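What the coordinates show
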Amino acid sequence: MWANLQLYHLRLITNQMPKLKTHKGTSKRIWKSGSGKLLRRHAQRSHHRGRKNVKQLQRRKIDETVPRQNPRIAELIPYNYR
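My aim in this report is to walk through the structure given alongside it, one point at a time.

Soluble globular proteins tend to pack their nonpolar side chains together in the buried interior. By size, the foremost hydrophobic cluster in this structure holds five residues: Ile-30, Leu-38, Val-66, Ile-73 and Ile-77. Sequence-distant contacts of Ile-77, that is, excluding residues within four places in its chain, are made with Thr-22, His-23, Thr-26, Ser-27 and Ile-30.

Here it is in structure tokens:
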């Protein structure tokens, strides 16, 4: 209750919304390319590499794009999403 009252008082004084928090785990896994696309590494690359054939490993080398329509991503990394 006290925190809510402080937040309400802060909004009255500064007339600003509080800063959004970035989810650090997501920000370490997803990054923005130079062209503005969101990218992530492919999974299952480093464990049991001897069992996988070369085609599978080469496919996993390429970074995957993250769909921008995912609303959860916008919540987790609000400042890197724009």
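Now that the structure has been shown, the text picks up again.
With that settled, the discussion passes to the environment of Lys-19. Locating Lys-19 in the fold gives a position in the loop between helix H1 (2-14) and helix H2 (24-29). As a C-alpha pair, Lys-19 and Pro-78 span 59 residues in sequence and 10.0 Å in three-dimensional space.

Our next topic: the side chain of Arg-60. Its location among the elements puts Arg-60 in helix H3 (residues 54-61). Buried charge without a partner: Arg-60 forms no salt bridge, and the closest opposite charge is Glu-64, 8.2 Å away. Among the polar contacts listed, one links the side chain of Arg-60 to the side chain of Gln-44, at a separation of 3.3 Å. If we skip the residues at most four places from it in the chain, Arg-60 touches His-42, Ala-43, Gln-44, Arg-45 and Lys-52.

With respect to the secondary-structure elements, Arg-40 resides in strand E2 (residues 38-40). Residue Arg-40 is classed as partly exposed on the basis of its relative accessible area, which comes to 32%. Remark: the alpha-carbon pair of Arg-40 and Ile-62, spanning 22 residues in sequence, is separated by 9.3 Å. For Arg-40, the residues in contact, after removing those within four places along its chain, are Arg-29, Ile-30, Trp-31, Asp-63, Glu-64 and Val-66. At 2.3 Å, the side chain of Arg-40 and the side chain of Glu-64 are in polar contact.

Basis of the calculations
Residues numbered from 1 in each chain as written. Predicted model: local features only at pLDDT ≥ 70, side-chain atom pairs only at ≥ 80, totals over all residues. Heavy atoms only, no water. Core = buried A, V, L, I, M, F, W, Y, C linked by side-chain atoms within 4.5 Å. Buried < 20%, exposed > 50% of the residue type's maximum accessible area, 1.4 Å probe, protein only. Contact = heavy atoms within 4.5 Å. Helix = DSSP H or I, 4+ residues; strand = E, 2+ residues; numbered from the N terminus. Lys, Arg positive; Asp, Glu negative; His and termini not counted. Salt bridge = Lys/Arg side-chain N within 4 Å of Asp/Glu carboxyl O. Polar contact = N/O pair within 3.5 Å; in protein donor to acceptor, adjacent residues only side chain to side chain.

The values reported here are purely geometric and, on their own, carry no functional implication.
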